[in-house]
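Commentary on secondary and tertiary structure
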Amino acid sequence: MSQEIYPAEPEATRRDASQAESSRASRGWWDRNADEYQSDHGTFLGDDRFVWGPEGLDEAEAGLLGPAGSLSGLDVLEIGAGAAQCSRWLAAQGARPVALDLSHRQLQHALRIGGEVPLVEADAGVLPFRDGSFDLACSAYGAVPFVADPVQVFREVRRVLRPGGRWVFSVTHPLRWAFPDEPGPEGLSVVASYFDRTPYVEQDERGEAVYVEHHRTLGDRVRDVVAGGFRLVDLVEPEWPAWNHQEWGGWSPLRGNLIPGTAVFVCERD
């Protein structure tokens, strides 16, 4: 009888990871994990809801892209769209969204859910659009935390935006990198230096990255925004709402009431 061989669990480490390695790892990770991600979080995300992060900050109330009534007729690019939940909400407001993601499997979930939002499979660092194609761009935890060169992404976003266009993106709050990724009391003690920018990497037995996430301090993020050609007009740190009792990775009501879990950057192209 043959014995089945299962792949070893990835090794978690901190080491450098290039743009190419990071992109390759992200594509593979999301293709492998899209089914589980949508199964675990699809109910919370909804099919046509725009949520900025695990806290549940909803664009319908936050209006970070602008008042919902002002979105009608605007061309909007969603980067790292996953199953295009945010894009469906934008379409319901009368906008003309395009949902872009690196992962083919995530976009298959977008097709499964349905709707008429155009879907594009592409890397955020090389956007396949003409200059000045969009009025707005947005990304709810898409692309930015996983790229080695965020300035390249921001410059690409600026290129495809029209003058005066707004770019809003959310990422893991940089402060959380100093704490373990645990939702309970064990996640409340500092275990690493906030100033250590070494990427978090999960690698296989050959040492090849299968998951990469890049850390930038809050100051780094601001400087990246400026280097990308944008003006920062707001920085939102969502507080954990009383109605939200879920745990999502290292996010939880316990931690969310003590330290910020998400940072949302609201930027404009002059």
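Residue positions are given per chain, counting from 1 as you read along its sequence in written order. Per-residue local features of the predicted model are confined to residues with pLDDT of at least 70, and side-chain atom pairs are confined, for both listing and counting, to 80 or more; whole-chain, interface and lining totals are unaffected and use all residues. With hydrogens and water set aside, each side-chain value is computed from the structure's full complement of heavy atoms.

1. What about the layout of surface pockets?
Method remark: on a 1 Å grid restricted to protein atoms, a set of points is classed as a cavity if a 1.4 Å probe fits but cannot get out and as a pocket if it is open with protein on both sides within 12 Å along at least five of seven lines; lining residues have an atom within 4 Å of a point. Grid points are joined across faces, edges and corners, and a volume is the space filled by probe spheres set on the points. Here the second largest pocket defines a volume of roughly 270 Å³. Along the wall of the second largest pocket there are 13 residues; nearest its centre are Ala8, Glu9, Pro10, Arg32 and Val210. With 3 residues, helix H1 (residues 19-45) is the single largest residue contributor to the lining of the second largest pocket. Any residue outside Ala, Val, Leu, Ile, Met, Phe, Trp, Tyr, Cys, Pro, Asp, Glu, Lys and Arg is labelled polar, Gly included; the first ten of those are nonpolar and the last four are charged. Tallied by class, the residues present in the lining of the second largest pocket amount to 6 nonpolar, 1 polar and 6 charged. Think of it this way: any DSSP run of H or I at least four residues long counts as a helix, any run of E at least two long counts as a strand, and we number them from the N terminus.

2. So, helix H3 (residues 85-92)
Counting buried positions over the 8 residues of H3 gives 6, a clear majority of the element. Looking at the residues trailing H3, positive phi occurs at Gly94, about 95 degrees. Think of it in three bands: with a 1.4 Å probe and only protein chains considered, a residue is buried below 20% of the maximum accessible area for its type, exposed above 50%, and partly exposed in between.

3. A few points about the pattern of salt bridges
One speaks of a salt bridge when a side-chain nitrogen belonging to Lys or Arg is within 4 Å of a carboxyl oxygen belonging to Asp or Glu. Following the criterion strictly, the structure yields 19 salt bridges and no others. The residue Arg15 makes a salt bridge to Glu21 at a minimum N-O spacing of 2.9 Å. Arg159 is the partner of Glu156 in a salt bridge, and the nearest nitrogen-oxygen pair spans 2.9 Å. Placement of the pair is Glu156 and Arg159 together in helix H5 (residues 150-160), with a separation of 3 residues, close to one helical turn. Take Glu156: its relative accessible area is 14%, and that puts it in the buried class.

4. Digging into the nonpolar core
Judged by nonpolar contacts, the single largest core of 26 residues is most densely connected at Leu77, Ile79, Val157, Trp167 and Phe169. Elements supplying a minimum of two residues to this core: strand S2 (75-79), strand S3 (96-101), strand S5 (134-140), H5, strand S6 (161-172) and strand S10 (262-269). Throughout, a residue-residue contact means that at least one pair of heavy atoms, one from each residue, lies within 4.5 Å. Filtering out sequence-adjacent residues up to four positions away, Phe169 remains in contact with Trp52, Ser139, Val144, Phe154, Val225, Ala263, Val264, Phe265 and Cys267. In this structure, Phe50, Leu71, Leu90 and Val264 belong to the second largest nonpolar core, which totals 17 residues. The set of buried Ala, Val, Leu, Ile, Met, Phe, Trp, Tyr and Cys residues whose side-chain atoms join them within 4.5 Å is what this entry labels a nonpolar core.

5. Side note on unusual backbone geometry
Of note in this structure, Ala84 is not a glycine but carries a positive phi near 70 degrees. Tracing the chain through its elements places Ala84 in the loop between S2 and H3. Given a relative accessible area of 1%, Ala84 falls into the buried group. Phi at Tyr141 takes a positive value of approximately 65 degrees, unusual for a residue other than glycine. Here Tyr141 lies in the loop between S5 and H5.

Any functional reading would require information that these geometric values do not contain.
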